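Report on the structure
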Amino acid sequence: MARRNDHSREELVEMTLNCVEDFLKSEPYQSLSLRKIAAMIGYVPSTLVNVFGSYNILLLHVVTRTLDDLQYQAKNRLADTDTPNAALFALAHLYLDFAAANPYRWRLVFEHTMQGDKMPEWHSDRIQNMTGMLETLLRQLSPNKSDDDIVQASRVLWSGVHGITLLSVDDKLFTDAPVDGGKLIDNLLTGYLSSWVER
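Described in the following lines is the structure provided in the data block.

Cut-off values and rules
Residues numbered from 1 in each chain as written. Predicted model: local features only at pLDDT ≥ 70, side-chain atom pairs only at ≥ 80, totals over all residues. Heavy atoms only, no water. Helix = DSSP H or I, 4+ residues; strand = E, 2+ residues; numbered from the N terminus. Buried < 20%, exposed > 50% of the residue type's maximum accessible area, 1.4 Å probe, protein only. Contact = heavy atoms within 4.5 Å. Areas by Shrake-Rupley, 256 points an atom, 1.4 Å probe, with all protein chains shown as cover. Lys, Arg positive; Asp, Glu negative; His and termini not counted. Charge placed at Lys NZ, Arg CZ, Asp CG, Glu CD. 1 Å grid on protein atoms, 1.4 Å probe; cavity = no way out; pocket = protein on both sides within 12 Å on 5 of 7 lines; lining within 4 Å. Points joined across faces, edges and corners; volume = space filled by probe spheres on them. Nonpolar A, V, L, I, M, F, W, Y, C, P; charged D, E, K, R; others polar. Axes fitted to C-alpha atoms, helices over the stretch in contact; angles between N-to-C directions. Parallel < 35°, antiparallel > 145°, perpendicular 65-115°, else oblique. Left-handed = near helix turned anticlockwise from the far one by under 90°. Phe/Tyr/Trp six-rings, centres within 6.5 Å; stacked < 30°, edge-to-face > 60°. Lys NZ or Arg CZ within 6 Å of the ring centre and 35° of its normal.

1. Remarks on the overall build of the chain
Across its full length, the chain carries nine helices and zero strands. Mapped in sequence order, the helices and strands of the chain form the string α-α-α-α-α-α-α-α-α. Based on the C-alpha atoms only, the size of the chain along its principal axes is roughly 65 × 40 × 35 Å. Within the chain, buried positions represent 41% of all 199 residues. Pairs at least 24 apart in sequence give 71% of the contacts found in the chain among residues at least 6 apart. Surface exposure of the chain reaches about 11,000 Å², of which carbon and sulfur atoms provide 52%. Looking at charge distribution, the chain has the averaged site of its 19 positive side-chain charges lying 5 Å from that of its 26 negative ones.

2. Focus: the layout of surface pockets
Considered as a void within the structure, the largest pocket measures approximately 580 Å³ in volume. As for the largest pocket, its lining consists of 27 residues, of which Y95, F110, M130, T131 and W158 are closest to the centre. Secondary structure elements with two or more residues in the lining of the largest pocket: α4 (55-78), α5 (84-101), α6 (103-111), α7 (121-141) and α8 (147-169). Among the residues forming the lining of the largest pocket, the class breakdown is 21 nonpolar, five polar and one charged.

3. Quick word on the packing of helix α1 (residues 9-23) against helix α2 (residues 34-41)
For the pair α1 and α2, the least separation of the axes is 10 Å and the interaxial angle reads 110°. As the angle between them shows, α1 and α2 are arranged roughly perpendicular. As α1 packs across α2, the resulting crossing turns out to be right-handed. Touching L12, M15, T16, C19, V20 and F23 of α1 are K36, I37, M40 and I41, all from α2. Along the lines of polarity and charge, the residues of the contact of α1 with α2 split into eight nonpolar, one polar and one charged.

4. Quick notes on the packing of aromatic side chains
Any pair of aromatic rings gets described here by the distance separating the centres and the angle formed by the planes. In the structure shown here, the tally under the stated rule is four aromatic pairs. Between F110 and W158 the ring centres are 5.8 Å apart and the planes differ by 40°, which places this aromatic pair in the tilted class. With F110 in helix α6 and W158 in helix α8, this pair connects stretches of sequence that are 48 residues apart. Aromatic ring contacts, followed pair by pair, group Y95, W106, F110 and W158 into a single cluster. Over the aromatic face of W196 sits the side chain of K145, whose NZ or CZ is 5.0 Å from the ring centroid.

5. Some points on the packing of α7 against α8
At a minimum axis distance of 9 Å, the contact between α7 and α8 shows a crossing angle of 115°. Considering only the axes of α7 and α8, their crossing is right-handed. Where α7 abuts α8, its residues T131, L134, E135, L138 and R139 lie against D147, I150, V151, A153, S154, R155, L157 and W158. Split by residue class, the contact of α7 with α8 holds seven nonpolar, two polar and four charged.

Laid out in structure tokens, this is it:
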């Protein structure tokens with residue numbers, strides 16, 4: 001068993017989060033525990049509590065890194081688009097692709113709860129950055145819309161894309177013939193935006 005001073009705090013944080021992310025490549029977070037993570041990196045659970053504050057906050061750091069990864073990929077993807085409309089479609093498809101490639105990390109983002117702990121500001125900022133990206137594109141598409149209209153439209157689109165993504169990743173679209181989640185997203189965006197931009 002490693003001693004606490006074998007690694008700096010920063011090294012221990014990085015080692016722990018990398019370990020959890022590696023685990024989530026093939027297993028759901030429900031199979032994890034503080035004790036299991038500690039054993040995998042050669043420390044005792046109390047050391048991780050001292051470093052992160054709680055198991056809940058440890059998982060929240062993993063969620064935050066997942067959001068950072070998604071945002072980084074989104075910025076790269078949007079750099080290749082030349083219109084707000086194309087950017088919205090690219091962003092929605094990236095969301096589906098990211099979830100399909102990282103199903104257990106993606107699920108943790110939406111299934112993790114604070115369980116009474118206050119949401120740290122550094123995490124709230126990540127959520128705002130992601131929703132803000134969508135709102136910015138909608139504002140470019142329809143600059144005369146009110147702030148409330150923009151926020152509402154962004155949540156409608158995100159909810160729709162998220163629902164399609166969830167059902168696609170879980171293979172629960174319940175059809176006899178294969179259904180392409182990407183085509184469903186295209187249908188959703190095309191139908192919604194065609195009427196929303198004109199109003």
